[in-house]
Amino acid sequence: MSYNIFNFFVVNATSLVIGILSATLAGSIGYLTWLFFQKRTAKFFVTENIWFLKLILLSFIAPFLTAIVFWAMFRTEAEEKFFNGVDMSLSIPMIRGLLLLVFVWFLAVMVVLIYRYASYWKVRYQYLMSVPVEDPDILMLMERWKKKLKIKKKVNVLYNETLSSPTIVHFNGYQILLPVYEMSTQELNVALLHELTHLKNKDIILKNIGFFVNIIHSFNPISYYIRIQIANWVEANCDLCCCETGKDEFEASDYFDCIMALKMRCQDQKQPDVISCLFESKELLEFRINAVKQTRQGRKRDCYRYMAMQTIFTVFVMLASLFTVSRTLHFCYGKTLDYRQEVYAGNEDSEWNEGSKEDLFTRDKINDYDKAVLNDLEGVEFSLDVGEIILLEVPEQCGDKLSVALFCSGGSTWFGYGGVEDRIKYIEKIEDGTILVDKKDMGEDGFLFVKNIGQDVCQMEIFINEMPQ
């Protein structure tokens, strides 16, 4: 076998395709199911919606990681192959289709990565344009909320002239960025609590996981919608947590009145969804207020029933999608010449149907033996590497019947012959033995071949003689 980059890619890309397709199927079905349940009861419960979204992210990732694990187990020569299609020797049409899919996927990934890179530089710019807050009252207020939320991580508070909304970012640690306009003590109280609650809930980490899913499934439009849903619902969940944490100091209405008052002073300012702002657009703020209000009015019993249904269904879909995609690719593989060759070699009762040499030897190392071999009494000796093929030309002027005697030391081989338009007419697994070949089956451009299918280099000796008429 020729171990070049192209061959390595073709051999290993199959597991990648199986993992991505099965994961995108599972995640898409999970997301659409969540939308269906959301229209009924689940939309009234913010905390449970966050749980749903995490489960959907898992369904986008788990089958992909499972395929990678199976691939790794196969590459370490595990005895059992845990799912069909891991070791696909693809024919040329399937290789072209595979390469096209991977190329489209790569382009989509690059688009998302460019956006991610731009987001990183925007966050970096905001951080570099900020100056530390030295007001002791603000710092004491932050430390008080950190203690109440049991946050031990170091958090810096900075002023930033480019922002209109208080924001928390992760760059050289966690940084809370405050706008430079004047804020009342109550507004600072709400802003710091809100941003620290994002840290407590690990919302930035969740958004980064959403980005990771978007990168893997960048060809799938749903992966972009899931990012938007995460950005919206983590804000609503943060509001709900803030109202619960600060209930001894302010009412939920006071909390949102502070945010609305700050919003009235500023224009809408779109920020990358890898950071968390106190407010952005008026529409999102209205969604958050409505979500918290409806959460306090809903019937949780109905929501838990839908949660159980969603969980069971999503787990089932994750397993079924992995099996379905794997079986589909295996079915396609079953139509290829490589598979027919493999079945023939393992079943003495099967019949070989002729196939193209180009398809059959797609990834193999092929060498032509130029010396004359016909009627050589001393025979021909050569060694074959694992997967290597030797082609032996047959002169046109030889007789109609040939006797081919093979002796193999150190492995097992396939012997076969072909002719017109490089069509392979016959193939057989053999170690030592003699085979009679009809020259008429080979045609004018006849050739013989021997392939090492063992695990070690094998030494071959072959005698080819004309049979008497």
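Since we're looking at a predicted model, the values are computed, not measured.

Tallying secondary structure elements over the protein chain gives 13 helices and 15 strands in all. A buried classification covers 50% of the 469 residues belonging to the protein chain. When contacts within the protein chain are restricted to residue pairs at least 6 apart in sequence, long-range pairs at least 24 apart make up 77% of them. Accessible surface, the protein chain: about 23,900 Å² in total, of which carbon and sulfur atoms supply 57%.

On to helix α6 (residues 203–216). Compared with an ideal rise of 1.5 Å per residue, which puts 14 residues at 20 Å, α6 spans 20 Å between its outermost C-alpha atoms and is within 8% of the ideal. Most of α6 is tucked away, with 10 of its 14 residues classed as buried.

Here the focus is the sheet that holds strand β3 (residues 167–170). The five strands are arranged β1-β2-β4-β3-β5 in an open sheet whose pairing can be described as mixed. The open sheet has two edge strands with one neighbour each: β1 (130–132) and β5 (276–277). Relative to strand β2 (residues 155–160), β1 is paired through three bridges, and the arrangement is antiparallel. Residue pairing in the sheet places Val131 in a bridge with Tyr159 of β2.

Bringing the confidence of the model for the protein chain into the picture now. Here the protein chain averages 76 in pLDDT, while 72% of its residues score no lower than 70. Confidence drops under pLDDT 50 across residues 1–6; counting only partners more than four residues distant or on other chains, this segment forms 10 contacts. Every residue in residues 77–92 is under pLDDT 50, and counting partners more than four places away or in other chains gives 40 contacts.

Topologically, Gln175 is positioned in strand β4 (residues 174–179). A polar atom in the side chain of Gln175 sits 3.1 Å from the side chain of Asn156. Here the side chain of Gln175 touches Asn172 through a polar contact of 2.9 Å, landing on its backbone oxygen.

We now examine a nonpolar patch on the surface. Side chains of Leu100, Phe103, Val104, Phe106, Leu107, Met110 and Leu113 sit close together on the surface and give an oily, nonpolar patch of about 650 Å² of accessible area. Overall, Val104 belongs to the partly exposed group, its relative accessible area being 45%.

Okay, the state of the cysteines next. Here the structure, examined in full by the defined rule, presents zero disulfides. With no disulfide of its own, Cys458 lies closest to Cys408 among cysteine sulfurs, the gap being 4.2 Å.

Okay, the packing of aromatic side chains next. One pass over the structure, following the stated rule, counts 10 aromatic pairs. Taken together, a centroid distance of 5.8 Å and an interplanar angle of 50° make the contact between Tyr120 and Phe171 tilted. One end of the pair, Tyr120, is in helix α3 (residues 92–128); the other, Phe171, is in the loop between β3 and β4, with 51 residues separating them in the sequence. Counting every residue linked through ring pairs, the aromatic cluster contains Tyr117, Tyr120, Trp121, Tyr127 and Phe171. The side chain of Arg116 reaches across the aromatic face of Phe211, ending 4.7 Å from its centre. Over the face of the ring belonging to Trp145 we find Arg144, whose NZ or CZ atom lies 4.8 Å from the ring centre.

Below, the discussion takes up the pattern of salt bridges. Considering all chains together, one arrives at six salt bridges under this definition. Note that Glu143 and Lys146 form a salt bridge whose closest N and O atoms lie 4.0 Å from each other. Here the residue Glu143 and the residue Lys146 both occupy positions in helix α4 (residues 136–149), the gap between them amounting to three residues, near one helical turn. The partner of Asp239 in a salt bridge is Arg288, and the shortest N-O contact between them spans 2.6 Å. On the criterion of sequence distance, the pair formed by Asp239 in helix α7 (residues 221–245) and Arg288 in helix α9 (residues 282–295) is long-range, its members being 49 residues apart. Arg288 matches Asp239 in its accessibility class, with the two residues each being buried. Overlapping salt bridges, with partners in common, bring together Glu235, Asp239 and Arg288 in one network.

Turning to the pairing of strand β11 (residues 413–418), a few remarks are in order. Among the six residues that make up β11, six are buried, leaving the element largely enclosed by the rest of the structure. Burial along β11 is two-sided: Thr413, Phe415 and Tyr417 and Trp414, Gly416 and Gly418, pointing in opposite directions, are all buried. Bridge count for β11 against strand β12 (residues 423–430) is six bridges, and the pairing is antiparallel. Within β12, the position partnered with Tyr417 by the bridge is Tyr426.

In this section: the packing of α4 against helix α5 (residues 185–200). Close contact between α4 and α5 brings their axes to 10 Å; oriented N to C, the two are set at 40°. One way to sum up the angle between α4 and α5 is to call them oblique. In this structure, α4 crosses over α5, and the sense of that crossing is right-handed. Here Ile138, Leu141, Met142, Arg144, Trp145, Lys146 and Leu149 of α4 come into contact with α5, specifically with Thr185, Leu188, Asn189, Leu192, Leu193, Leu196, Thr197 and Lys200.

As a further point, take the environment of Val104. Position of Val104 among the secondary structure elements: in helix α3. Residues Val104 and Ser218, 114 residues apart in the sequence, show an inter-C-alpha distance of 9.7 Å.

Counting 56 residues, the largest nonpolar core has Leu196, Trp233, Tyr255 and Ile259 as the members making the most contacts within it. Among the elements that make up this core, the one with the highest residue count is α7 (10 residues). Residues in contact with Tyr255, not counting those within four places in the same chain, are Val190, His194, Asp239, Cys242, Cys243 and Phe250. Judged by nonpolar contacts, the second largest core, of 22 residues, contains Phe382, Ile390, Cys408 and Tyr417.

Calculation notes
- Residues numbered from 1 in each chain as written.
- Predicted model: local features only at pLDDT ≥ 70, side-chain atom pairs only at ≥ 80, totals over all residues.
- Heavy atoms only, no water.
- Helix = DSSP H or I, 4+ residues; strand = E, 2+ residues; numbered from the N terminus.
- Buried < 20%, exposed > 50% of the residue type's maximum accessible area, 1.4 Å probe, protein only.
- Contact = heavy atoms within 4.5 Å.
- Areas by Shrake-Rupley, 256 points an atom, 1.4 Å probe, with all protein chains shown as cover.
- Expected span 1.5 Å × (residues − 1).
- Pairing = 2+ DSSP bridges.
- pLDDT = per-residue confidence, 0-100.
- Polar contact = N/O pair within 3.5 Å; in protein donor to acceptor, adjacent residues only side chain to side chain.
- Patch = residues over 30% accessible without salt bridge, like charges linked within 9 Å, V, L, I, M, F, W, Y side chains within 5 Å.
- Salt bridge = Lys/Arg side-chain N within 4 Å of Asp/Glu carboxyl O.
- Disulfide = S-S within 2.5 Å.
- Phe/Tyr/Trp six-rings, centres within 6.5 Å; stacked < 30°, edge-to-face > 60°.
- Lys NZ or Arg CZ within 6 Å of the ring centre and 35° of its normal.
- Axes fitted to C-alpha atoms, helices over the stretch in contact; angles between N-to-C directions.
- Parallel < 35°, antiparallel > 145°, perpendicular 65-115°, else oblique.
- Left-handed = near helix turned anticlockwise from the far one by under 90°.
- Core = buried A, V, L, I, M, F, W, Y, C linked by side-chain atoms within 4.5 Å.

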